[in-house]
Amino acid sequence: MKVDDMVKAKSSNTYGTFIGMRTFSNRRGGEPYTCAEVMWFDRNAPNGDRISTIQTNLLEVINESR
């Protein structure tokens, strides 16, 4: 997956643009985790933003950017 690829959430017909990867630290001292950031075309994240994070394995690339 590359920046600007069009992606689809596997569990729905929700499409968006892959923005990049984001790594979060675990406050309890565990391993950090990384997930994808996507700007959705037809929905907002729970906090109202157009960009949200999602597990990478829950996305499929629809159209690769060049």
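For the structure, see preceding data.
Residue numbers run consecutively from 1 along every chain, following the written order of its sequence. Only residues with pLDDT of at least 70 get local features here, since the model is predicted, and only at 80 or more are side-chain atom pairs given and counted; chain-wide, interface and lining totals rely on the full set of residues. Side-chain metrics in this entry use all non-hydrogen atoms of the structure; hydrogen atoms and water are not considered.

**Q** Explain the overall build of the protein chain to me, using residue names and the numbers behind them.
**A** Under the scheme used here, helices are H or I runs from DSSP no shorter than 4 residues and strands are E runs no shorter than 2 residues, and both carry numbers assigned from the N terminus. The secondary structure content of the protein chain amounts to zero helices and five strands. The linear arrangement of helices and strands in the protein chain, starting from the amino end, is β-β-β-β-β. Reported as C-alpha extents along the three principal axes, the dimensions of the protein chain are approximately 35 × 25 × 20 Å. For every residue, the accessible area obtained with a 1.4 Å probe (protein chains only) is divided by the maximum for its type, and the residue is called buried under 20%, exposed over 50%, and partly exposed between those limits. A burial count over the protein chain gives 29% of its 66 residues as buried. Counted over contacts in the protein chain with a minimum sequence separation of 6, partners at least 24 positions apart contribute 39%. Residue exposure ignores everything except the shown protein chains as possible cover, and the areas themselves are Shrake-Rupley values with a 1.4 Å probe. In the structure as shown, the protein chain presents an accessible area of about 4800 Å², 45% of it carried by carbon and sulfur atoms. Computing the positive centroid from 9 side-chain charges and the negative centroid from 8, the protein chain places the two 4 Å apart. It only takes one pair of heavy atoms within 4.5 Å for two residues to be counted as in contact. The charged-residue count follows a simple rule in which Lys and Arg add positive charge and Asp and Glu add negative charge, with His and chain termini not counted at all. For the purpose of locating charges, the reference atoms are NZ of Lys, CZ of Arg, CG of Asp and CD of Glu.

**Q** Explain the side chain of Ser52 residue by residue, including any values.
**A** With respect to the element layout, Ser52 can be found in strand β4 (residues 51-54). On the basis of relative accessibility, which here comes to 12%, the residue Ser52 falls in the buried class. Any pair of nitrogen or oxygen atoms within 3.5 Å is treated as a polar contact; in protein, a donor-acceptor pairing is required on top of that, and neighbouring residues in sequence qualify only through side-chain atoms on both sides. Polar side-chain contacts of Ser52 include one of 2.6 Å to the side chain of Trp40. For Ser52, the residues in contact, after removing those within four places along its chain, are Ala36, Glu37, Val38, Trp40 and Ala45.

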